[in-house]
Amino acid sequence: TQLLEQSPQFLSIQEGENLTVYCNSSSVFSSLQWYRQEPGEGPVLLVTVVTGGEVKKLKRLTFQFGDARKDSSLHITAAQPGDTGLYLCAGLYNQGGKLIFGQGTELSVKP
Amino acid sequence: GAGVSQSPSNKVTEKGKDVELRCDPISGHTALYWYRQSLGQGLEFLIYFQGNSAPDKSGLPSDRFSAERTGGSVSTLTIQRTQQEDSAVYLCASSLGTGGSPLHFGNGTRLTVT
């Protein structure tokens, strides 16, 4: 059974602070995706990473895929209240398989 | 519509009753997923349909749960003899089905079993 460990589970910070969310597995991912979910809605894709060592930036968000493709991180610079939400990583273990989600990180950014 | 549509958006049922949840995926998407989400938690995989292949049912928690996808489009998730622990948000998603394709989610059905 493939498991995705996501940490921390909860994060409450002040506006302007930086933060990092981690996603780890004992198995190698074919690719990994990060989603953001707001209350009452389904998750929305932020980014997909495929290549080991890959770094992608989306405004103040930086996503990194580990060299061995077993882990990933999401770093937010100068967090804003609009960043509040549930952040989910999701791993694909083979090209034709299902997407497995981590437990999520509930982020609260206070003004 | 352009997105994934789920119905009903809310369902309250009594313990022991059967329920059916519906998902209309994005037209042309060959892959369809069902996930379950408890309050503030991650997504628990239930079942995955890909084209004409046999579905991956490995996430269904018990034989009370079943799902079908008719004509490669609409899907129905059925829960028989509902229990209180079945209360959760049930999310459906569809994708183009190629490796790493993004999932497009509906807004979910919130199921409450009393």
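Residues numbered from 1 in each chain as written. Chains lettered and ligands numbered in written order. Predicted model: local features only at pLDDT ≥ 70, side-chain atom pairs only at ≥ 80, totals over all residues. Heavy atoms only, no water.

Draft legend 1. Quick peek at the state of the cysteines. Taken as a whole and assessed by the stated rule, the structure comprises 2 disulfides over all chains. The disulfide bridge from Cys-23 of chain A ends at Cys-89 of chain A, spanning 2.1 Å between sulfur atoms. With the S-S dihedral at roughly 80°, the linkage between Cys-23 of chain A and Cys-89 of chain A falls on the right-handed side. You can see Cys-23 of chain A sitting in strand 3 (residues 19–24) and its partner Cys-89 of chain A sitting in strand 9 (residues 85–92), a full 66 residues away along the chain. Residue class for Cys-89 of chain A comes out buried when judged on its relative accessible area of 0%. The partner cysteine of Cys-23 of chain B in its disulfide is Cys-92 of chain B, sulfur to sulfur 1.9 Å. One disulfide, between Cys-23 of chain B and Cys-92 of chain B, carries an S-S torsion of -65° and so falls in the left-handed class. Residue Cys-23 of chain B is located in strand 3 (residues 19–24), and its partner Cys-92 of chain B is located in strand 8 (residues 88–95); the two are separated by 69 residues in the primary sequence. An identical accessibility class is assigned to Cys-23 of chain B and Cys-92 of chain B; each is buried. (Disulfide = S-S within 2.5 Å. Helix = DSSP H or I, 4+ residues; strand = E, 2+ residues; numbered from the N terminus. Buried < 20%, exposed > 50% of the residue type's maximum accessible area, 1.4 Å probe, protein only.)

Draft legend 2. View of the packing of aromatic side chains. Per the counting criterion, the structure on display carries 10 aromatic pairs over all chains. Taking the centre distance of 6.4 Å and the plane angle of 35° together, the rings of Phe-29 of chain A and Phe-65 of chain A count as tilted. A residue pair is termed long-range when its members are at least 10 positions apart, and Phe-29 of chain A in the loop between strand 3 and strand 4 (31–37) and Phe-65 of chain A in strand 7 (residues 61–65) qualify at 36 residues. The exposure class assigned to Phe-29 of chain A is buried, which follows from its relative accessible area of 0%. Residues Tyr-35 of chain A and Phe-101 of chain A carry aromatic rings whose centres are separated by 5.5 Å and whose planes lie at 50° to one another, so their mutual orientation is tilted. In this pair, Tyr-35 of chain A is assigned in strand 4 and Phe-101 of chain A in strand 10 (residues 99–101), connecting sequence segments 66 residues apart. Judged by its relative accessible area of 7%, Phe-101 of chain A falls in the buried class. Through pairs of rings, three or more aromatic residues link up here, namely Tyr-35 and Phe-101 of chain A together with Tyr-33, Tyr-35, Phe-45, Tyr-48 and Phe-105 of chain B. (Phe/Tyr/Trp six-rings, centres within 6.5 Å; stacked < 30°, edge-to-face > 60°.)

Draft legend 3. The arrangement of the sheet that holds strand 6 (residues 55–58) of chain A in detail. Residue and element names in this part refer to chain A. An order of 1-3-8-7-6 is seen for the 5 strands of this open sheet, with the pairing classed as antiparallel. In the strand order of this sheet, the two ends are held by strand 1 (5–7) and strand 6, each with one partner. Ignoring strand direction, the axes of neighbouring strands in this sheet form an average angle of 15°. Bridge analysis of strand 7 against strand 8 (residues 71–76) gives 5 bridges, and the strand direction is antiparallel. If you follow Thr-62 over to strand 8, its bridge partner there is His-75. (Pairing = 2+ DSSP bridges. Axes fitted to C-alpha atoms, helices over the stretch in contact; angles between N-to-C directions.)

It is worth stressing that arrangement in space is one thing and function is another; only the former is reported here.
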